[in-house]
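Below, each chain spelled out in residue letters.
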Amino acid sequence: MCGIVGAIAQRDIAEILIEGLKRLEYRGYDSAGLAVISDDKIARLRRVGKVAELQKAMADEPIDGKIGIAHTRWATHGEPNEKNAHPHFSNDEIAVVHNGIIENYEPLREELKSQGYTFSTDTDTEVMAHLIERERKSSDSLLQAVLKATHLLEGAYGTVVMERSQPEKLVVARSGSPLVLGKGIGEMFIASDQLALLAVTRQFMFLEEGEVAEVSRRDVTILSPDGDIVEREFEESTIQHDAGDKGQFRHFMMKEIFEQPTSINNTLEGRLNNNSVITESFGNRAPELLAKAESVQIIACGTSFHAAMVAKYWIESMVSIPCNVEIASEYRYRKTVVVPNSLFISISQSGETADTLAALRIAKQQGFMASLTICNVPGSSLVRESDMAFMTRAGTEIGVASTKAFTTQLTGLLMLATALAQSKKTLPESEITNIVSQLKRLPIDINEALSMDKRIEEMAEEFNEKEHCLFLGRGEQYPIAMEGALKLKEISYIHAEAYAAGELKHGPLALIDQDMPVVVVAPNNELIEKLKSNMEEVRARGGQLYVFADKESEIAENNGIKIIHCSASSHYIAPIIFTVPLQLLSYHVAVIRGTDVDQPRNLAKSVTVE
Ligand code: AGP
C-alpha cells in the first residue's frame, strides 16, 4: 500500500527521501510526493506515476531541506491524480503523509468545514491535516496536538506530521499501519518499512499500536495512547543490505524464484534433528501447546491462504485432528465457534495484512488456547501480537507476486504438521524420519525444478494470445493449482481459475474449447488415475492440456497434451516442488505479454488497508 519516508538531519535530505521511496516502489502505488521545510516555508512536489517522475520534476524544480516527509500513494479515497497525492497541508502550516484509511473522515470533514477549513482534495488524509492544525491551536506542542487528534480518528493510520514553524521535529503516529524509526549519527529517519532506510541506517525501533512520538535529530519521545512516556531502545536490523538489488536478474520475481533453494535452506536451518523436527522452533511453549492442541484454525489471505489450504491436507492426514482454514476478511466479520484446546494460526508474508491482523485480534478475545504466526518479517505486527512466531526466513521479497515467501511458508507448515504428529504419535517414527529426510532434500529438488526453466519459457509462448486459463489439481495439489492461477492472473492479467479436477463436470467443463489452455498439476499419487480421467474429459472437448507430471505418473505427450516432467521425491513435499514450474510459467507469460512483472497494476505488496 502507501509508502512513507521521513528524515531530519543536518544535511539536505531530499535525495534520501527519494531513495527511500524508490526502495518502497515494490509495494505498489500510483503517485508520489515530498515536502521539505526550506526558507521558513513548506515546499512540496507531487507527481502521478512512478518515483522517477517525481525525481525528474525535482531536477526541473529543485527543492531541498534538512527536514522532510515523502509518500507513495495507493489510492483509496479520490482518484490517483496530483491533487490527491500526499503530502497534504493545512493552512501551509501543517504537512501530513498517511498510510491507511480514516473511516470517520466524512463527519470530521463536515465538522471541520463548519469551522472554516477548506478542502482541496478528495482524500481522507486531508481531514487529518486540518484536525491536527485545529488541535495545535490549543496544545503546547505538535506532539500533544497529534495525540489529541488520534483520539478523534477511527480507522487505520501510519502518519508523519511536519510543522512549518518547528523545523527541528517530526511527529509520527501509528494505529493499524506500520511505522519504523531509524537512527543515524545525529540524524533520524522514519519509514513504513525498514527496507526504505537500509542505505542510511541499520538501527531501528518500531512504533507500537496507538503510540505517538516526537522525533528530533538525536532524540525520540514516545507516548502511549494515554499520553504516558514509553521507553524503548533502537535495535540492529538483521535484514540483508542487498535485499533491494536485482543482481543478474531482469526482475525481482525471477531473482526470488531462483532464491528458493537458499530460502528453504534458511527455513530449515537449525530446526531439524536427524529424525525429528525440533518442536521449540515454533516457540518455547510449543512442546506443551502442540501436545495439547485438539484442533487448528488457520487464517490468511491470498497466497498465504493457499499455503493454509495445503496445511489442512497435511494436518488432517498426518495428525488426525480437525484443521479449519478461512480467508481472514471473512473470518473477521462472521460469528465463529471456537472449540476447546484449539490453536489459532495466522500465515502472512508481510505480517502487516490488515485483515489477517484484525482476525488475530478477534481470535485473542475468542478463547483460543494460543496463537502462532507463520511469518517472514521479524518485528511485524503479527509477530509482535502472536503468542508464538515461526519466522520463515525467506529473506526480503520485493516482487508483488509472492514466490519464495509461499514455498517457505509451506516448508514451515510441513514442519509444523510433522511436529504435531511427533507430539501426538500419530505417525510411526520411521515415517517421521522419512519426512525429515524429504525436508532436507527440498533445496535439491527445487533446484531440479528450476532447471526446467528453458522448456517452460518455450511453453509460455503458447499463452501469449490467451485471455482465459484453467488450472486443475486434486488433493493437496488443488491449492497449488489455485496458487498457479493467482500467479498467472496477477502478473499476466490473463483470467485464470483453479478447480479441484473432480469438479470439472459440475460446471467448468462448459468452458472448454480449443482456445482454453488447461494447466494440470499431476504428481504421481493415489489420485493420479482419477486425474487422468479428468484430463481425458478436457481432451475429448478439444481443450489444450499443459501438464506438470512425474515421470512415474505415466502421462504421454500426445495430441492435445504437452508435458513437462518434474520430480518430487515424496508426496509430502510434492506441493512445494510443483509450485515452482507454475511460478516460472506465469513469470514467462507475463514477460512475453510485456506487463509490469514486479509491480502489477492495481496491486500492492503489503495490504495494510481493508
Ligand atoms: C501474492 O502473490 C499476493 N500478492 C497476495 O495474495 C498476498 O499473498 C496477500 O496479500 C497476503 O499477504 P501476506 O502474506 O503479506 O499477508
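The name that an unreviewed UniProt entry assigns to the protein is Glutamine--fructose-6-phosphate aminotransferase [isomerizing], with the source organism given as Aliikangiella maris.

(A) Main features of the site of the ligand. In the vicinity of the ligand, 15 residues are found, and the nearest of them are Ser304, Ser348, Gln349, Thr353 and Glu490. For the ligand, an oxygen atom lies 2.7 Å from a polar atom in the backbone of glutamine 349. At 2.4 Å from an oxygen atom of the ligand is found a side-chain nitrogen or oxygen belonging to threonine 353. Where the shell around the ligand is concerned, the elements lending two or more residues are helix H9 (302-319) and helix H16 (477-492). Taken together, the residues that form the shell around the ligand break down as five nonpolar, eight polar and two charged.

(B) Focus on helix H17 (residues 528-539). Between the first and last C-alpha of H17 there are 16 Å, a value that for 12 residues agrees with the 16 Å anticipated at 1.5 Å per step. What H17 keeps buried is the set Ile528, Leu531, Lys532, Asn534, Met535 and Val538. An end-on view of H17 places all buried positions within 160° of arc, on one side of the element. Residues Glu529 and Lys530 are exposed on H17 and point more than 90 degrees away from its buried face.

(C) Region of interest: the sheet that holds strand E24 (residues 544-549). Reading across from one edge, E22-E21-E23-E24-E25 is the order of the five strands in this open sheet, with parallel pairing throughout. Of all the strands in the sheet, just strand E22 (495-500) and strand E25 (561-565) have a single pairing partner and so form its edges. The sheet shows a mean angle of 20° between the axes of neighbouring strands, direction not considered. Looking at chain direction, strand E23 (residues 517-522) and E24 are connected through six bridges and run parallel. What sits directly across from proline 517, in E24, is glutamine 544. Its contacts with the sheet place helix H15 (residues 453-460) against E24 and E25, and it is angled at close to 160° to E25. Sheet contacts for H17: strand E21 (468-473), E23, E24 and E25; angle to E23, the most-contacted strand, approximately 170°.

(D) Highlighting the packing of helix H7 (residues 260-268) against helix H14 (residues 429-450). Contact geometry for H7 and H14: axes closest at 9 Å, N-to-C directions at 170°. Taken together, the axis directions place H7 and H14 in an arrangement best described as roughly antiparallel. Counted together, Gln260, Pro261, Ile264, Asn265 and Leu268 of H7 and Leu439, Lys440, Leu442, Pro443, Ile446, Asn447 and Leu450 of H14 form the full contact between these two elements. For the contact of H7 with H14, the class distribution of residues is eight nonpolar, three polar and one charged.

(E) View of unusual backbone geometry. Across the junction of histidine 86 and proline 87, the peptide omega takes the value 0°, indicating a cis bond. Looking at where proline 87 falls in the secondary structure, it is placed in the loop between strand E4 (67-73) and strand E5 (88-90). One non-glycine residue, aspartate 40, adopts positive backbone phi at about 65°. Among the structural elements, aspartate 40 can be located in the loop between strand E2 (31-38) and strand E3 (41-48). Although it is not a glycine, aspartate 92 adopts a positive phi angle of roughly 55°. For aspartate 92, a relative accessible area of 54% corresponds to the exposed category.

The rules behind the values
Residues numbered from 1 in each chain as written. Predicted model: local features only at pLDDT ≥ 70, side-chain atom pairs only at ≥ 80, totals over all residues. Heavy atoms only, no water. Near = heavy atom within 4 Å. Polar contact = N/O pair within 3.5 Å; in protein donor to acceptor, adjacent residues only side chain to side chain. Helix = DSSP H or I, 4+ residues; strand = E, 2+ residues; numbered from the N terminus. Nonpolar A, V, L, I, M, F, W, Y, C, P; charged D, E, K, R; others polar. Expected span 1.5 Å × (residues − 1). Buried < 20%, exposed > 50% of the residue type's maximum accessible area, 1.4 Å probe, protein only. Arc of directions from axis to C-beta. Pairing = 2+ DSSP bridges. Axes fitted to C-alpha atoms, helices over the stretch in contact; angles between N-to-C directions. Contact = heavy atoms within 4.5 Å. Parallel < 35°, antiparallel > 145°, perpendicular 65-115°, else oblique.

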